[in-house]
Amino acid sequence: MRLSKSFIPTLKEVPSEAVIPSHILMIRAGLVRQLSAGIYSWLPLGYKVLRKVMDIIREEMNAIGGQEFHFPGLNPKEIWEQTGRVEAFGDILFQIKNREYVLAPTHEEIVAYHAKGAIVSYKDMPQIWYQIQTKFRNEPRPRSGVIRGRQFIMKDAYTLDRDAAGLDVGYALHDKAYRAIFDRCGLKYFVVGASSGAMGGSKSEEFMVKSEAGEDTVAYCEKCQYAANSEVAQSVTETAKHHEESKAVYEISTPNVKSIDELCDFLKIHEHETAKSRVYMHDEKPVLVLMLGNDEVNETKLTSVLGGNVRPCHPDELKDISGADAGSIGPIGFKHKIIADTLLKDANNMFSGANKNDYHIGGLDLSRDVPNIEYFDLRTAENGEKCIRCDSTLEVFKAIELGHIFKLGTKYSEALGVLYLDEHGKEQPVVMGSYGIGVERILACFIEQNYDEKGLTWKEPLAPFDIHLIGLNMKNALVSETAERLYISLIAEGYEVLFDDRLDGSAGVKFNDADLLGMPIQVIVGEKNLKEGKAELKNRRTGEKTIVELEKLIDKLQQPV
RNA sequence: CGGAACGUAGCGCAGUCCGGUAGCGCACUUGAAUGGGGUUCAAGGGGUCGCGGGUUCAAAUCCCGCCGUUCCGACCA
């Protein structure tokens, strides 16, 4: 493709609305342009890469027996009401104003709708249905460019099976296909076991890419590949000590001491000699949660331990419940349920709040002084702690969710009446799985992992072009004739070539554009080398330059770099 | 939804405090020079100063309301 005739608007300056590297570079290299918050237009160069990603996805989905559909983005609201998801999605669901339609944020309902009455026998299954299509979600806060948008392209797949065993097979196939897709795209990723969440299924796994721009926090063990969302991640760390001699409880005057740090300073003690108190409302009944030292309560873990609704108490509720304000609350004399983190199990000689403002207690022995205490894992794993599986060191970092595979079960088939007859003539609900990939996120993540100070650094198979051919001074007849000839023969060799044939534009402009656009190989044709019948090859990634005789250029390209 | 910032030419920004006929750099057009790392010179074109209202002889500038964009947080099947 000739640059002189292409719409590839590059930007020298950093657009002010972009913050993360992939977003900045996607705009600067003319891949995308923003239309509105969380809504992007794909420009020709960006869409070319996106098509390559989609082709890889199609190949791998077809390889596991997937059949490609194209479902409508506009859906009748009625179907969404039947599964209760108009309410479940709430404000995230876009609703059309002048007709009873919604813009589909996902397609479980539509898949179930088409399966109903068409998948009627156990002989009709298994089925793998997928599509690559635009989804709409009214995100309250779009961010990070294409990574979190109000409109985005998703590959979503659905399996229809007769039973759980069939679902296991479909699930495993998708796991395999997803690994193949992300491997082929050249991404460094890892797989995280996720909580089943509100979708109502059993097992789910997330495919994640480490990134500062991520919205999930995960704990990861390099050695044994243990990976978990920090909402559920566990770790091994030092427990509170149990001393031989258990002191009696005594009260200490601690004026203006509120935090654990202040208490440790004031009493000259270690943080692991203290038990921090947090009060939550569990279905409108107070619960005291004790944590070791400064550990924070992991509210996801707390909620799954207690069940029901859990929220932190408001500051003005605390005095009524405990007799003291935050900073002086403790287990002794607390009249409601008390639970503690496992690190505190059987701890004694501990310091904690006295349920009396400006007082703390010492000599706390949890098993002696708190009769009905129960212990659970309630803390959040932190960077540098030990892996629960292999005792190696855990790394905790932010990550972007690229894909999610999910065992749905029969929630949608039951709600919409998608039933089949088994070999005994008995009516059964179809068992579903759903599997998503953020197509644009693949591209954004690839860029997050592949760029330098000059710009993008593509590699096969996502590179929009194999070769960026630069004719330096195209007003020079020899240069332009040679470059034109090279352009034709490179294409004849089967390369995808972007040809900078612009008549104006100095060498510096062309070099910088080529580095910004980041094709793997640059072929540079200029007067200097042409005098000796040579041209230059440059490896964009390594910056390595080689001067080659024109006749040998194509041979040289075919050698591994 | 809570907190904060910003909105002036295609892009990046100054001007706003302290009201008085809208500026800079890049990009663009024309001409010339240059031609291996964003080169140089000259001449140009392009702006309802986000929108609406108010104060004033006079508003990009002060006041009120709205909209938009971004960041932090909450939310995230």
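Residues numbered from 1 in each chain as written. Chains lettered and ligands numbered in written order. Predicted model: local features only at pLDDT ≥ 70, side-chain atom pairs only at ≥ 80, totals over all residues. Heavy atoms only, no water.

## Section: the packing of aromatic side chains
Which entries qualify depends on this criterion: Aromatic rings from Phe, Tyr and Trp, with only the six-membered ring used for Trp, were paired whenever their centres fell within 6.5 Å, and each pair was classed as stacked if the ring planes differed by under 30 degrees, edge-to-face if by over 60, and tilted otherwise. Going along the chain from the N terminus, every DSSP run of H or I of four or more residues is numbered as a helix, and every run of E of two or more is numbered as a strand. For the exposure calls, accessible area comes from a 1.4 Å probe over protein chains only, and a residue counts as buried if that area is under 20% of its type's maximum, exposed if over 50%, partly exposed in between.
Scanning all chains against the criterion turns up 14 aromatic pairs. Here tyrosine 250 and phenylalanine 351 contribute two aromatic rings whose centre-to-centre distance is 6.5 Å and whose plane-to-plane angle is 90°, an arrangement assigned as edge-to-face. Taken as a pair, tyrosine 250 in strand E13 (residues 250-253) and phenylalanine 351 in strand E18 (residues 350-353) lie far apart in primary sequence, 101 residues in all. Given the relative accessible area of 35%, tyrosine 250 is considered partly exposed.

## As for the environment of isoleucine 64
In plain terms, the rule: A contact between two residues is defined here by any heavy atoms of the two lying within 4.5 Å.
If you trace the backbone, isoleucine 64 turns up in the loop between helix H2 (44-63) and strand E3 (67-68). Isoleucine 64 gets classed as buried once you look at its relative accessible area, which sits at 10%. Distance from isoleucine 64 to lysine 176, taken between C-alpha atoms, is 8.7 Å for residues 112 residues apart in sequence. Setting aside residues up to four positions removed in sequence, isoleucine 64 forms contacts with Ile128, Leu173, His174 and Ala177.

## Some remarks on the sheet that holds strand E17 (residues 337-341)
Which entries qualify depends on this criterion: Here, strands pair whenever DSSP counts at least two bridges between them. Every axis in this analysis is a line fitted to C-alpha atoms, fitted for helices over the stretch in contact. Angles between the N-to-C directions lie between 0 and 180 degrees.
Read from one edge of the open sheet, five strands run E16-E14-E15-E17-E20, paired in mixed fashion. Strands at the two margins of the open sheet, each flanked by one partner only, are strand E16 (310-312) and strand E20 (374-376). Averaged over all adjacent pairs, the angle separating strand axes in this sheet is 35°, with direction ignored. In this sheet, E20 lies alongside E17 in parallel orientation, the contact comprising three bridges. Paired with aspartate 341 across the bridge in E20 is phenylalanine 376.

## A few points about the pairing of strand E1 (residues 32-36)
Two faces, one strand: in a regular strand the side chains alternate between the faces of the sheet. Relative to strand E2 (residues 39-42), E1 runs antiparallel, the two sharing four bridges. Residue pairing across strands places arginine 33 opposite serine 41, the latter belonging to E2.

## Points about the packing of H2 against helix H12 (residues 439-449)
Cut-off, in case you're wondering: Between 65 and 115 degrees an angle is taken as roughly perpendicular, under 35 as roughly parallel, over 145 as roughly antiparallel, and anywhere else as oblique. Two helices crossing with the near one rotated counterclockwise from the far one by less than a right angle form a left-handed crossing, whereas a clockwise rotation gives a right-handed crossing. Polar here means any residue other than Ala, Val, Leu, Ile, Met, Phe, Trp, Tyr, Cys and Pro, which are nonpolar, and Asp, Glu, Lys and Arg, which are charged; Gly is therefore polar.
One can describe the packing of H2 onto H12 by two numbers: an axis separation of 10 Å at closest approach and a directional angle of 115°. One way to sum up the angle between H2 and H12 is to call them roughly perpendicular. Viewed along their axes, H2 and H12 form a crossing whose handedness is right-handed. For the pair H2 and H12, the contacting residues are Gly46, Val49, Leu50, Val53, Met54 and Ile57 in the first and Val439, Glu440, Ile442 and Leu443 in the second. Grouping the amino acids of the contact of H2 with H12 by side-chain chemistry returns eight nonpolar, one polar and one charged.

## Overview of the pattern of salt bridges
Selection rule: Any carboxyl oxygen of Asp or Glu that lies within 4 Å of a side-chain nitrogen of Lys or Arg is treated as forming a salt bridge with it.
Inspection of the entire model under this criterion finds 36 salt bridges. Between arginine 502 and aspartate 500 there is a salt bridge, with the nearest N and O atoms lying 2.9 Å from each other. According to the relative accessible area criterion, aspartate 500 is buried, its value standing at 0%. Across the pair lysine 510 and aspartate 500 runs a salt bridge, and its minimum N-O distance is 3.7 Å. With a gap of 10 residues between them, lysine 510 in helix H14 (residues 507-517) and aspartate 500 in strand E28 (residues 497-500) connect regions that are remote in the sequence.

## Structural notes on the domain arrangement of chain A
The line we're drawing: Segmentation into domains, and thus their bounds, comes from an automatic or database assignment.
When cut into domains, chain A gives domain 1 (3-233 + 396-447), domain 2 (250-376) and domain 3 (467-557). Here the C-alpha centroids of domain 2 and domain 3 sit 70 Å apart.

## What about the sheet that holds strand E30 (residues 534-539)?
Pairing is mixed in the open sheet, where five strands are placed in the order E28-E27-E29-E30-E31. Two strands bound the open sheet, and with one partner strand each, they are E28 and strand E31 (545-549). Neighbour-to-neighbour, the strand axes of this sheet turn through a mean angle of 20°, independent of strand direction. In this structure, strand E29 (residues 521-525) lies alongside E30, joined through four bridges in antiparallel fashion. Residue pairing across strands places isoleucine 521 opposite asparagine 539, the latter belonging to E30.

## Quick word on the environment of isoleucine 27
As for its placement among the helices and strands, isoleucine 27 is situated in helix H1 (residues 21-28). By relative accessible area, which is 4% here, isoleucine 27 ends up buried. Residue contacts for isoleucine 27: discarding those within four places in its chain leaves Pro9, Leu11, Pro15, Glu17, Ala18, Val32 and Arg33.

## Observations regarding the nonpolar core
Side chains of nonpolar character tend, in soluble globular proteins, to be buried together. Here is the rule: What is meant by a nonpolar core is a set of buried Ala, Val, Leu, Ile, Met, Phe, Trp, Tyr and Cys residues, joined one to another through side-chain atoms within 4.5 Å.
With 64 residues, the main nonpolar core has Leu31, Tyr178, Phe182, Ile442 and Trp458 as its most contacted residues. A total of eight residues in this core trace back to one element, the largest contributor, which is H2. Mapping this core onto the domain boundaries places at least three of its residues in each of domain 1 (3-233 + 396-447) and domain 3 (467-557). The contacts of leucine 31, once residues within four sequence positions are left out, are Met26, Ser41, Trp42, Leu43, Leu45, Gly46, Leu443, Ile447, Leu456 and Trp458.

## Side note on H12
Counting buried residues along H12, 11 of its 11 residues qualify, which places the element largely inside the surrounding structure. Listed as buried for H12 are Val439, Glu440, Arg441, Ile442, Leu443, Ala444, Cys445, Phe446, Ile447, Glu448 and Gln449.

## Here we look at the state of the cysteines
To be explicit about the condition: By definition, disulfides here are pairs of cysteine sulfur atoms that lie within 2.5 Å.
Per the stated rule, a full pass over the model turns up zero disulfides. In this model cysteine 185 remains outside any disulfide bridge; the closest cysteine sulfur is found in cysteine 445, 11 Å from its own. What makes cysteine 185 buried here is its relative accessible area of 1%.

## Some thoughts on the environment of asparagine 529
Within the secondary structure layout, asparagine 529 lies in helix H15 (residues 527-530). Overall, the relative accessible area of 14% leaves asparagine 529 in the buried class. If near-sequence neighbours (up to four positions away) are discounted, asparagine 529 is found in contact with Lys534, Ala535, Glu536 and Ile547.

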